[in-house]
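The residues making up each chain are set out below.
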Amino acid sequence: MEQLDLQDLLARCYDICDALMRADVGRVRSEGKQLRSMFRDDMALFGAYITGADGVVTDEEADYIRYKLGFAPDAQTLADIRRRRGVAAGRSAEIPQSLKYAVLADAGKKLSPDPFDRQCAMYFYDTFKAFGQEMLARYAREVPQDEVQRFTDYLERMERMLNEYAVWRPVSQKSYIVKEPAPDQQTEEERAEELEELLAELDSLIGLGAVKRQVNTMVNLIKVQQMREEMGLKPADIAKHMVFLGNPGTGKTTIARMLANIYRCLGVLRTGQLVEVDRSGLVRGYIGQTATQTAEVIAKAMGGVLFIDEAYSLTVDKGQGDFGQEAVDTLLKAMEDNRDDLVVIVAGYTELMEEFLDSNPGLRSRFGTRIMFEDYTADELVGILLMNLKKQEYRLSAEAEVKAREMIAARVENKPENFANARDVRNFMEKAIANHATRVAGMEGAKGNKDILATIEADDLEDLE
């Protein structure tokens, strides 16, 4: 879909409304209301939903909504927005009624010929998104977090509907890769396309609902600040260094890799590479060596993300003869000196990371964003197992799947001290594949039989350890 500004998008959506009315899509005519009017009302109420995050839609905010949407400044529009103040006061906004007709047209191929190439719903979605971004960009100072959250929530509801009816079309689902050409050779359009692909990849991950929401909110914050800067407004200082809290195997490294490239596509980082280390990659055994080693690692990460796993191990044994603090001191200076060219993410168990942040007066203030990675549920772990088996071109028999679900559920119900979420599932899968190979290797008739070679049976499964 071509890149259009808000006024172009509004004009395109009005054309779509007229086309759907002519095609008699849905029951708009029988309800006695023009689709143009329904769409306009939906947009106005969306603006009221965002600006009313504080419980009030002021006259100034209502005037801004009418101005951006091109409404005649009549009292009835303002009265209608205020009549619907229940939305502003905190109740969840509904999916816009007009979007449902666009989805119906695309999913049912109602327009023939279709000058919009079955992207009516996507034009509506992009228009709401562009309007919301301009609403947030109106601030001369820091954008209120509650308005950004409402904007993110509203778009998520629309996205779920578009995905449910299979009319989400601007991006392709694919595994995470580093795209060519090299980042510094990409055009703005190529970066925008890759960003959409990365966000779609993020959305396709199993579980991690709260993490996805927080990442999308950060992306929206950055976009709005960039829009403000383009308009000559002072952008708010967004904290880019992060703390990832949670148990092993909850996707922290995966999200760090994706964030590195998301930030590159947004122009926050130059190159977007991820450099991953733990204590052993930073600390050496003699005075001065740790600072040098840490500086070398930081140099490799410049322009990208430095991801330090189990960062608490740098300070947990502070004392004479331990050089972890030397690594921390070097890191803090680099973060301050290179705040526009380096993102540092530290990760580890929740309680131990809190101790890490308290170990140095400068640490907690440097890491402004905290993301909590919850343990996966049993159903999510089963989904991860089935997805990973499919990637390896294996599948579980019906009996094996029942057994696997029971075994995973039992482990989640009685988590051992070394519970490792998706890592446990990976180990479980690798043992099953090895047991399958042992069983099938000497089996008569296995050669040339894809079903036998691809199917893991219940007897191939061992208890998770």
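Our subject is the structure listed above.
A brief structural summary. Fair warning: this is a prediction, and the values are worked out from it, not measured in the lab. (Residues numbered from 1 in each chain as written. Predicted model: local features only at pLDDT ≥ 70, side-chain atom pairs only at ≥ 80, totals over all residues. Heavy atoms only, no water.)

Topic: the packing of helix α1 (residues 6–22) against helix α7 (residues 120–136)
Line of reasoning, step 1. Following both chains from N to C, one finds α1 and α7 inclined at 145 degrees, their axes separated by 9 Å at the closest point. For the crossing formed where α1 meets α7, the hand is left-handed. From α1, Leu-6, Leu-9, Leu-10, Arg-12, Cys-13, Ile-16 and Cys-17 reach across to α7, where they touch Cys-120, Tyr-123, Phe-124, Asp-126, Thr-127, Ala-130, Phe-131 and Glu-134.
Line of reasoning, step 2. Across the contact of α1 with α7, the residue classes break down as eleven nonpolar, one polar and three charged. (Axes fitted to C-alpha atoms, helices over the stretch in contact; angles between N-to-C directions. Helix = DSSP H or I, 4+ residues; strand = E, 2+ residues; numbered from the N terminus. Left-handed = near helix turned anticlockwise from the far one by under 90°. Contact = heavy atoms within 4.5 Å. Nonpolar A, V, L, I, M, F, W, Y, C, P; charged D, E, K, R; others polar.)

What about the pairing of strand β3 (residues 305–309)?
Line of reasoning, step 1. With five of its five residues buried, β3 lies for the most part within the structure.
Line of reasoning, step 2. Across the two faces of β3 the burial is the same, with Val-305, Phe-307 and Asp-309 and Leu-306 and Ile-308 all buried.
Line of reasoning, step 3. In this structure, strand β2 (residues 274–277) lies alongside β3, joined through four bridges in parallel fashion. Paired with Val-277 across the two strands is Ile-308, which belongs to β3.
Line of reasoning, step 4. Alignment of β3 against strand β4 (residues 343–348), held across five bridges, turns out to be parallel. Pairing of Ile-308 across the sheet is with Val-346, part of β4. (Buried < 20%, exposed > 50% of the residue type's maximum accessible area, 1.4 Å probe, protein only. Pairing = 2+ DSSP bridges.)

Focus on the sheet that holds strand β5 (residues 369–373)
Line of reasoning, step 1. Spatially, β2-β3-β4-β1-β5 is the arrangement adopted by the five strands of the open sheet, whose pairing is parallel. With one partner strand each, in any of the chains shown, β2 and β5 form the two edges of the open sheet. Neighbour to neighbour, the strand axes of the sheet diverge by 20 degrees on average, direction disregarded.
Line of reasoning, step 2. Sheet topology places strand β1 (residues 242–246) next to β5; five bridges connect them, and they run parallel. Bridge assignment links Leu-245 to a residue of β5, and that residue is Met-372.
Line of reasoning, step 3. Running at roughly 150 degrees to β1, helix α14 (residues 350–358) makes contact with β1, β4 and β5 of the sheet.

All quantities given are derived from atomic positions and should not be read as evidence of function.
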